[in-house]
Amino acid sequence: MDRNFFLALALSFLVLVSWSMWQAEDQEIPPGDHRESPVPRHELPASPQADEITAETDPAPVRAVPSPAAPETIAIADAREVIIETPLYRAQLTSRGGALTGWQLSEFRDAQQAGNPPVELTTLVRGEAALATPLAGLGGGDLRAARFDFEQSGPWELVFQREFDGVHVRKVYRFDPDSYLVRLLLEVDNQSSRAVEPEFEVTWPARSRDAQDFANQVVIALAQGSVERSSVEGFGQPGMMSRLLGQGDGGGPIDYSGELDWAGASTQYFLAVLLPDVPRDARVTFKPLSDGQGALAKVGFRPTLLPPGQQLVREYRAYLGPKEDERLAAVGAQLERSIDRGWAWIAPLTAFFSWLLRATHAVVPNYGVSIILITIAMRLITAPLMSKQMRSMRGMGELQPRMKEIQAKYADDRQKQSEAMMKLYRQSGVNPLGGCLPMLLQLPVFIGLYYALQSSIELRQAPFMLWINDLSAPETLFTIPELDLPVRVLPLLMGASMVLQQRLTPTTIDPAQARMMMTVMPVMFTVMFYRFPSGLVLYWFVSNLLGIVHQLSVNRGGKKPGPAKAPKPAKKATETG
């Protein structure tokens, strides 16, 4: 029974992995993914924080290629730049649209790039900006491409402003040097003779990017109490089944409105979201970018009528940083729910294992050793259940000859066959479901550990030993040059341990089927785990080794089932009188 369960689990994983690989191969990374380095800059008058200011003039404006699927792509050129630096991040803003063109996380390095630079949270190509504000409804055109004047009104405050036809627009950024929060105030002062209807929309482009940190990027929102996620890669394009059936073009934008707590883009370890000041009135639209290379998150409000002489201010908070529990909880708005901890019923287990991982690491400062210790602890806790399962499987295997005799004897009478089987189980003391129920009870533990290892930012670039220098990525001992094939030891050892474990486990199915499964399942799992983070493979490998030791112990100490002893006849009572 447990082999059938693992086969179903393996097939499900294989379908998901195959689909992910097929989707990845079907997409191309845009050639402009790696932005050019900033041009030299000059500084503002010195301040205690030494904030910097840059002037830039491109020799020729960069024009976006028109595309029906990407109306949001705009040209940004001939603009001045402002650079804010704190111990946590480096922000680069432009006077063209008063928007953000770069956000580097100083404490997190991109090991895949030459020189190990800081992680760049934005995924922009030339002509794009984040935190852009079209401010439609003012009569001044698309303000994402408009030139703003700017001033530094404080050490950590920048003001971009623009005036046209009596309408005054201000974008005020307030940076917090001790956190990853930025406050963005949008102010519209209508001093014209006409009414205007600003939408106060803020955008964040999320593009596919060929980098480990952005491999699982999604657009995300907490709307009406539910976390909604959609993969950035291939966003708006037809899914696998739609392609096979030739149905549809992938659909259009996705909208969420009312009780919108936050929305933006999320990767495995990093988050870029906007938190509107009035969630009940806010809305977000996720719209495809060009050629399915990503999505644009448009967070805003419905148009608001602003008569002459009136002023209106909307405020957003933007969290642009790592998915660290304490930081997210400090922001509020249930931002910690952006961490993918699995289904609601498994999330508490995931949170517990994440805490246990950190607590173990505080004692043993090596996350690889922490994973091994947690795996041992989980095996010890579940040992009684596993022993029951193993004994049941062993008993069922030893009953196979007698079960086949019953099947042959009552081949034409299903009722008598079932009665004879149940009698055999009672006499032998074997529960036919004993090998299945413990496995089902262990499943939540496995899933919780899986999500904990997958979502814990502490594992990012965490070394273990020897060549395993990043537990959040697949390990590679060396690469075969002619084939460009990485040789990974952990998945191969894990596959070999599965073969040994299956050979030690008594079979309850036909020997030919058992031999096939002994070949198919280890191969499938090895291929599947070949692209998994080494931390997950380490957990599974160690769990297999402990399972082998446990199975050997059960096999050597178990007793063969046999017929139950007949009860002794009761003594007759002697009459006295």
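Structural data are supplied above this passage.
Cut-offs used in this document
- Residues numbered from 1 in each chain as written.
- Predicted model: local features only at pLDDT ≥ 70, side-chain atom pairs only at ≥ 80, totals over all residues.
- Heavy atoms only, no water.
- Pairing = 2+ DSSP bridges.
- Helix = DSSP H or I, 4+ residues; strand = E, 2+ residues; numbered from the N terminus.
- Axes fitted to C-alpha atoms, helices over the stretch in contact; angles between N-to-C directions.
- Salt bridge = Lys/Arg side-chain N within 4 Å of Asp/Glu carboxyl O.
- Buried < 20%, exposed > 50% of the residue type's maximum accessible area, 1.4 Å probe, protein only.
- Contact = heavy atoms within 4.5 Å.
- Phe/Tyr/Trp six-rings, centres within 6.5 Å; stacked < 30°, edge-to-face > 60°.
- Patch = residues over 30% accessible without salt bridge, like charges linked within 9 Å, V, L, I, M, F, W, Y side chains within 5 Å.
- Areas by Shrake-Rupley, 256 points an atom, 1.4 Å probe, with all protein chains shown as cover.
- Parallel < 35°, antiparallel > 145°, perpendicular 65-115°, else oblique.
- Left-handed = near helix turned anticlockwise from the far one by under 90°.
- Nonpolar A, V, L, I, M, F, W, Y, C, P; charged D, E, K, R; others polar.

(A) Quick peek at the sheet that holds strand β10 (residues 202-207). An order of β10-β17-β16-β13 is seen for the four strands of this open sheet, with the pairing classed as antiparallel. Each of the sheet's edge strands pairs with one partner strand only, and the pair in question is β10 and β13 (254-257). Sheet twist, expressed as the mean angle between neighbouring strand axes with direction ignored, is 15°. Pairing geometry for β10 and strand β17 (residues 294-301), over six bridges, is antiparallel. Bridge pairing in β17 places P205 opposite L296.

(B) A look at the pattern of salt bridges. According to the stated counting rule, one finds 12 salt bridges in the structure shown. As a salt-bridge pair, E157 and R174 come within 2.7 Å of each other at their nearest N and O atoms. Of the two residues, E157 sits in strand β7 (residues 157-164) while R174 sits in strand β8 (residues 167-175), which places them 17 residues apart along the sequence. Looking at R174, the relative accessible area reads 38%, which means it is partly exposed. The shortest N-O distance in the salt bridge between R183 and E315 comes to 2.6 Å. Within this pair, whereas R183 is found in strand β9 (residues 181-190), its partner E315 is found in strand β18 (residues 311-322), the two being separated by 132 residues in sequence.

(C) Representation of the sheet that holds strand β6 (residues 149-154) in the model. As summarised here, the arrangement of the nine strands in space is β6-β7-β8-β9-β18-β15-β14-β11-β12, forming an open sheet in which the pairing is antiparallel. Taken across any chain shown, the strands that pair with only one partner, and hence form the sheet edges, are β6 and β12 (226-231). Looking at each pair of strands side by side, their axes are set apart by 20° on average, direction ignored. Bridge count for β8 against β9 is nine bridges, and the pairing is antiparallel. Following the sheet pairing, H168 is matched in β9 by D189.

(D) Representation of the side chain of S192 within the structure. Position of S192 relative to the elements: it lies in the loop between β9 and β10. On the basis of relative accessible area, S192 is assigned to the buried category, the value being 10%. In this structure S192 touches D165, G166, V167, P308 and G309, once residues within four positions along its chain are discounted.

(E) Molecular detail of the environment of L121. Position of L121 among the secondary structure elements: in the loop between β5 (118-120) and β6. For the pair L121 and D213, spaced 92 residues apart in the sequence, the C-alpha separation amounts to 9.5 Å. If we skip the residues at most four places from it in the chain, L121 touches W103, W204, F214, F270, L271, A272, L320 and G321.

(F) Looking closely at the environment of G321. Summarising the element assignment, G321 is placed in strand β18. When sequence neighbours within four positions are dropped, the list of residues in contact with G321 reads L105, L121, Y180, F270 and L271.

(G) Region of the structure containing the packing of aromatic side chains. According to the stated counting rule, one finds 18 aromatic pairs in the structure shown. With 4.2 Å between their ring centres and 20° between their planes, Y89 and W103 make a pair best called stacked. A residue pair is termed long-range when its members are at least 10 positions apart, and Y89 in strand β3 (residues 89-94) and W103 in strand β4 (residues 99-109) qualify at 14 residues. Classification of Y89 by relative accessible area gives buried; the value is 0%. Between the aromatic rings of W343 and Y451, the centroid separation amounts to 6.4 Å while the plane-to-plane angle is 75°, which identifies the pairing as edge-to-face. One end of the pair, W343, is in the loop between α3 (325-331) and α4 (347-363); the other, Y451, is in helix α9 (residues 437-455), with 108 residues separating them in the sequence. Residue classification places W343 among the partly exposed positions, given a relative accessible area of 49%.

(H) Spatial organisation of a nonpolar patch on the surface. Taken together, the side chains of L373, I376 and L380 define a hydrophobic patch exposed on the protein surface, amounting to about 260 Å² of accessible area. Summarising the element assignment, L373 is placed in helix α5 (residues 367-381). By relative accessible area, which is 37% here, L373 ends up partly exposed.

(I) Looking closely at the packing of helix α7 (residues 400-409) against helix α8 (residues 414-428). The geometry of α7 relative to α8 is characterised by a closest axis approach of 9 Å and an angle of 160° between their N-to-C directions. By the angle class used here, α7 and α8 are roughly antiparallel. Crossing angle aside, the handedness with which α7 passes α8 is right-handed. The residues of α8 that touch α7, namely those facing R402, M403, I406 and Q407, are Q417, A420, M421, L424, Y425 and S428. Taken together, the residues of the contact of α7 with α8 break down into six nonpolar, three polar and one charged.

Interpretation note: all reported values are geometric properties and have no functional meaning in isolation.
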